[in-house]
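This is what each chain is made of:
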Amino acid sequence: MERVLHGPSIAEAHLHGLHDYLTGRGWVITMPDYYGTDEDGRPTDPETRWRYAASYGGVVMNSVEDSTPCSLACGFGFEGGLSVDVSTAGNWRGCEAHPVAEHSLPVEEHYDEAADRWNDLDFTELGALLDRLEPAARALDARELIECLFFGPCGRDL
Ligand SMILES: [Zn+2]
């Protein structure tokens, strides 16, 4: 009945479950040095975030505060029950064509006393959402979004 207890609490099995699910789809931990990982590279912090590495066609970008377009990202949410929260690839202050949209999918965490184990989280809904969002994130052109941030709303008549 192991739980990760710094910050919000979550069953270690569920933290690892989401990690395995996402890395199986080509996701990576965002800032692993910041969040921390164990010797197997698995997350130790309930607030760990993952990002879809193939966002923007997998182009490598320096991370510049407020100026780097956001990758498709995911992590647990703890407000009003456990959820898996997904934010789309885009700009936080982008135009109508390039926004970050947020999705929050509730998940049920419960301990099965009879089986002496945690339930498996159901990622069916997450999978359906990511089937839609991953190709969209891959197809985005990073340069277009950077120009959107620096030169103003796309399509505006300058
Ligand atoms: Zn734009």
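Up top is the structure these notes are about.
None of the values given here were measured: they were computed from a predicted structure.

So, how was this worked out
Residues numbered from 1 in each chain as written. Predicted model: local features only at pLDDT ≥ 70, side-chain atom pairs only at ≥ 80, totals over all residues. Helix = DSSP H or I, 4+ residues; strand = E, 2+ residues; numbered from the N terminus. Buried ≥ 20, exposed ≤ 12 C-beta atoms within 10 Å, placed from the backbone. Contact = placed C-beta atoms within 7 Å. Pairing = 2+ DSSP bridges. Axes fitted to C-alpha atoms, helices over the stretch in contact; angles between N-to-C directions.

A. Representation of the overall build of the protein. Regarding its fold elements, the protein presents four helices and nine strands. The C-alpha extent of the protein, read off along each of the three principal axes, is 65 × 30 × 25 Å. Residue burial in the protein is summarised as follows: out of 158 residues, 24% are buried. Excluding contacts between residues fewer than 6 apart, the proportion of contacts in the protein whose partners are at least 24 apart in sequence is 53%.

B. How the structure looks around unusual backbone geometry. Positive phi, normally seen in glycine, also occurs at methionine 31, with a value near 50 degrees. Of the residues examined, methionine 31 has 12 C-beta atoms within 10 Å and is grouped as exposed.

C. Broad picture of the sheet that holds strand E3 (residues 27-29). Strand order in the open sheet made by the five strands is E3-E4-E5-E6-E7, with antiparallel pairing throughout. Every other strand in the sheet has two partners, leaving E3 and strand E7 (102-106) as the edge strands with one partner each. Pairs of neighbouring strands in the sheet enclose a mean axial angle of 25 degrees, with direction left out of account. Relative to strand E6 (residues 83-87), strand E5 (residues 73-77) runs antiparallel, the two sharing five bridges. Residue pairing for E6: glycine 75 is matched across the bridge by aspartate 85. The strands touched by helix H3 (residues 124-139) are strand E4 (49-52), E6 and E7; relative to E7, the strand with the most contacts, the crossing angle is about 160 degrees.

D. The environment of leucine 130, seen in detail. Along the chain, the position of leucine 130 falls in helix H3. You can call leucine 130 buried: it has 21 C-beta atoms within 10 Å. The spacing of leucine 130 and valine 86 is 44 residues in sequence and 8.8 Å in space, taken between C-alpha atoms.

E. Inspection of the pairing of E4 at higher detail. Direction of pairing for E3 relative to E4: antiparallel, over a ladder of three bridges. Within E4, the position partnered with isoleucine 29 by the bridge is tryptophan 50. Here E4 pairs with E5 via three bridges, running antiparallel. By the bridge assignment for E5, arginine 49 is matched with glycine 75.

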